[in-house]
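# Close look at the chain arrangement
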Amino acid sequence: AGPAGARVGIGVLRAALVVVMLSSLPWRALPVTAANDDAATRVWGYRALADLAPGPVLEIPWPMDFGDDAVEGSRYTLASTLHWKPILNGFTAYRPPSYAFLQRVAQTLPDPEAVARLRELAGLRWIVVHVDRLSPTQRGAWQRPGSGLTPVYRDPATWIFEVAAPPETAPSWTEALRSQDPRARTLSGLAREPL
């Protein structure tokens, strides 16, 4: 056996030594933590959402605080694998510039004007409300959401609403956002003149 045979022999000996060392270590199972503590209570709502027509989804609550938003957004992104619809408030490592804008608009939901804007801006079709994560005041607002929303699913933890299609004469928020021309008024109609 030449130098090549010696190298093969040394490689086999090293591999055997690693196997012996690893087998002598005390192995214990690593602790497992669920990604979503309440997944069992949410699965039925997500299954119902999967059976609904295609369209973008928004999940409520959508916290403004960055830390809470990162946790909720991660949960919503993971849960989207149960329904495979695009979500407005899920993200990976990159938040597009539109994210913060849509987040601010969504803070006034279920106000009909916010519903209409989200439909116009992002094509919003479904709103999933995790009612057990809302304050009593927020829950009360979603019990009487007003025009533009139709309840399509309800269980103790999750309510799903369908967003009505916009009228043909709806303002084009998308065109206003894409335009490079300065405007005298904001998207909500406020004058841009200094006070």
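A short tour of the structure in this document, coming up. Predicted, not measured: the structure shown is a model, and the values here were computed from it.

Okay, the nonpolar core next. L58, I60, L109, L118, I127, V129 and W142 are the most contacted members of the largest nonpolar core, which totals 24 residues. Taken together, the elements giving at least two residues each to this core come down to β1 (57–60), α4 (97–106), α5 (112–122), β2 (126–130) and β4 (158–163). Those residues in contact with L58 that sit more than four places away from it in its chain are L88, N89, A106, L109, L118, L124, W126, I127 and V128. Core analysis: the second largest hydrophobic core is formed by 10 residues, Y46, V57, V128 and I160 among them.

Let us now look at the packing of α4 against α5. Close contact between α4 and α5 brings their axes to 9 Å; oriented N to C, the two are set at 155°. Accordingly, the angle class assigned to the pair α4 and α5 is roughly antiparallel. Across the interface between the two elements, F101, L102, V105 and A106 of α4 pack against A114, R117, L118, L121 and A122 of α5. Its residues assigned to classes, the contact of α4 with α5 shows 8 nonpolar, no polar and 1 charged.

Of all the residues in α5, the buried ones are A114, V115, R117, L118, R119 and L121. Its side-chain oxygen placed 3.1 Å from the backbone nitrogen of E113, D111 serves as the N-cap of α5. G123, located one to two residues past α5, shows a positive phi value of around 70°.

In this structure, P61 follows I60 across a cis peptide bond, with omega equal to 15°. With respect to the secondary-structure elements, P61 resides in the loop between β1 and α3 (66–79). Cis geometry marks the peptide bond from L109 to P110; its omega dihedral reads 10°. Inspection of the secondary structure puts P110 in the loop between α4 and α5. Non-glycine residue W84 carries a positive phi angle of around 60°. Topologically, W84 is positioned in the loop between α3 and α4.

Among the 5 residues in β2, 5 count as buried, and that is most of the element. Side chains W126, V128 and H130 project from β2 onto one buried face, and the interleaved I127 and V129 project onto a second face that is buried too. In the sheet, β1 pairs with β2 via 4 bridges, with the strands oriented parallel. Residue L58 lies in a different strand from β2, and its bridge partner there is I127. Note that β2 and β4 share 5 bridges and pair antiparallel. The residue of β4 that forms the bridge with I127 is F161.

This brings us to a nonpolar patch on the surface. A cluster of nonpolar side chains, namely V18, L22 and L25, defines an oily patch on the protein surface of about 250 Å² accessible area. With respect to the helices and strands, V18 occurs in helix α1 (residues 3–24).

Here the structure, examined in full by the defined rule, presents 2 aromatic pairs. Centroid distance W62 to Y99: 5.3 Å. Interplanar angle 75°. Geometry classified as edge-to-face. Here the residue W62 occupies a position in the loop between β1 and α3, and Y99 occupies one in helix α4, the gap between them amounting to 37 residues. Neither W62 nor Y99 differs from the other in exposure class; each is buried. An angle of 40° between the planes, with centres 5.5 Å apart, marks the rings of W142 and F161 as tilted. Residue W142 is located in helix α6 (residues 136–143), and its partner F161 is located in strand β4; the two are separated by 19 residues in the primary sequence.

Rules of the game
Residues numbered from 1 in each chain as written. Predicted model: local features only at pLDDT ≥ 70, side-chain atom pairs only at ≥ 80, totals over all residues. Heavy atoms only, no water. Core = buried A, V, L, I, M, F, W, Y, C linked by side-chain atoms within 4.5 Å. Buried < 20%, exposed > 50% of the residue type's maximum accessible area, 1.4 Å probe, protein only. Helix = DSSP H or I, 4+ residues; strand = E, 2+ residues; numbered from the N terminus. Contact = heavy atoms within 4.5 Å. Axes fitted to C-alpha atoms, helices over the stretch in contact; angles between N-to-C directions. Parallel < 35°, antiparallel > 145°, perpendicular 65-115°, else oblique. Nonpolar A, V, L, I, M, F, W, Y, C, P; charged D, E, K, R; others polar. Polar contact = N/O pair within 3.5 Å; in protein donor to acceptor, adjacent residues only side chain to side chain. Pairing = 2+ DSSP bridges. Patch = residues over 30% accessible without salt bridge, like charges linked within 9 Å, V, L, I, M, F, W, Y side chains within 5 Å. Areas by Shrake-Rupley, 256 points an atom, 1.4 Å probe, with all protein chains shown as cover. Salt bridge = Lys/Arg side-chain N within 4 Å of Asp/Glu carboxyl O. Phe/Tyr/Trp six-rings, centres within 6.5 Å; stacked < 30°, edge-to-face > 60°.

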